[in-house]
Amino acid sequence: MHPLDELSADEITQAAELVRKKLGGESGKLRFQVITLAEPTKAELAAFASDGSAPLRAAECLVLLVDKQEVSEIVLDLATGAVVREKIIPSGTQPLFSPDDCFLAERIVQEDPEVKRLLSDRYGISDMSQVACDPWSVHLADDSDRSYAKWKEGAPQGRLIQTFLYWRKDGGMACNHYAHPIDLLPVVDLNAEKVIRIDGSERMPPPKIPSEPVNYHRDLVKNNTYLPSKFRDAPAALNVTQPDGPSFVVDGNVVKWQGWDFRVGFNYREGLVIHDASFQGKMVLRRGSLVEMAVPYADPHPPFQRKCAFDVGDYGLGYCANSLELGCDCLGHIHYFDGTLSDSAGKPYTVKKAICMHEEDQGLLWKHVEYRNAHNESRRSRELVVSFIATVVNYEYLFYWRFKQDGTIDYEIKLSGELSTNLMSAGEDVPSH
């Protein structure tokens, strides 16, 4: 086992059991926000590469003690079960939202009596399965937001998440609900499992929910009004074949290709991580990943001024990674890497085919014609592409590490999915575009 190999399912289970033994008697309800590898330091990895000295194999756990409203960071030695390091995260500091947190927030809102009443009175919506509740963090950027977090007198600061509401008008889950935003914005305290306020309910009369269908689902496109109601004709088939197989060699998580040598990693926060990338024996990159993304919608009108996401830190790109078993978007001879993560109960699960690796032709690398005798020489260019895709609520982010034959690396991010919409605020003019 290499020190950078991610935790196995058995190691995640072991770490969760150790945490329960330590905290179970005094904690009440536990929610595991994170169980992941405590990565060795650069010095420890250098020693391992030099003489094989294996660093401590440790698990880092972020655990929410719901009854105390405390977050503990615990690092465990997996060989002995001993606690290496433990600290309580400062009050008011919150860990990221896990996928289970996001589903919990939606359930709390859909079951809230006041949300139900407002939707029924204002819009005649009584079927809560038709209401999508998109979870967004509340960053407590001003005094008003900070006051919401202290909604319960004498209690610790709440763990707030806001949910933008949309109407699934027709077609159930297939409906593009972003075409039908609702003006209500519930704010949830996940620790209390309670809606603590509902912004937008003071606006009277309530604005009209847009009703025209704007769908992308293949079964509903025919109902579109101002967007095309059928797909364009497909181009002729384009097949990528590699009769001799790929040019890369994979040994566990280590990849060799055209002078490149690197290790593929994966975790809950950053998703894909590139370790120890060297070219022709020379180190190029010790560790490469995306550490944060800021997505400010920049709407100055309350309550939408709170609509700002830090997608890596708020949700975790690894937690949001697509399983490419559902449909792969790469062509050619493909090698996949799985990702192993933990849920809020501390149980491991595997994201099958979380990472895709393939080669792409990139046109001409070099060409010259000797004009005196018309002799032509040319070389094709090829790249090795290591990628994954994360769905962060409404957006798809497509991440590509491109290794080139000249020893350079490109990092490309593509944006897809859907805009997170909201109704125009009172007094806003309808734009002409």
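Everything here concerns the structure above.
None of the values given here were measured: they were computed from a predicted structure.

Caption draft 1: Region of the structure containing unusual backbone geometry. That bond from Met204 to Pro205 is cis: its omega, -10°, falls within 30 degrees of zero. Backbone torsion omega between Pro302 and Pro303 reads 0°, so that peptide bond is classified as cis. For Pro303, the position within the fold is in the loop between strand S14 (294-296) and strand S15 (308-310). Even without being a glycine, Lys353 presents a positive backbone phi close to 55°.

Caption draft 2: Geometry of the state of the cysteines. Using the criterion set out here, one finds one disulfide in the structure. Residue Cys330 pairs covalently with Cys356 via a disulfide, S to S 2.2 Å. With a gap of 26 residues between them, Cys330 in the loop between helix H6 (311-315) and strand S16 (335-342) and Cys356 in strand S17 (residues 348-370) connect regions that are remote in the sequence. Residues Cys330 and Cys356 agree in their burial class; the two are buried. Summary of cysteine pairing: Cys175 is not part of a disulfide, and the nearest cysteine sulfur, belonging to Cys133, is at 14 Å. A disulfide-free cysteine, Cys320 has its sulfur positioned 7.2 Å from the sulfur of Cys102, the nearest such atom. We classify Cys320 as buried; its relative accessible area is 14%.

What counts, and where the lines are drawn
Residues numbered from 1 in each chain as written. Predicted model: local features only at pLDDT ≥ 70, side-chain atom pairs only at ≥ 80, totals over all residues. Heavy atoms only, no water. Helix = DSSP H or I, 4+ residues; strand = E, 2+ residues; numbered from the N terminus. Disulfide = S-S within 2.5 Å. Buried < 20%, exposed > 50% of the residue type's maximum accessible area, 1.4 Å probe, protein only.

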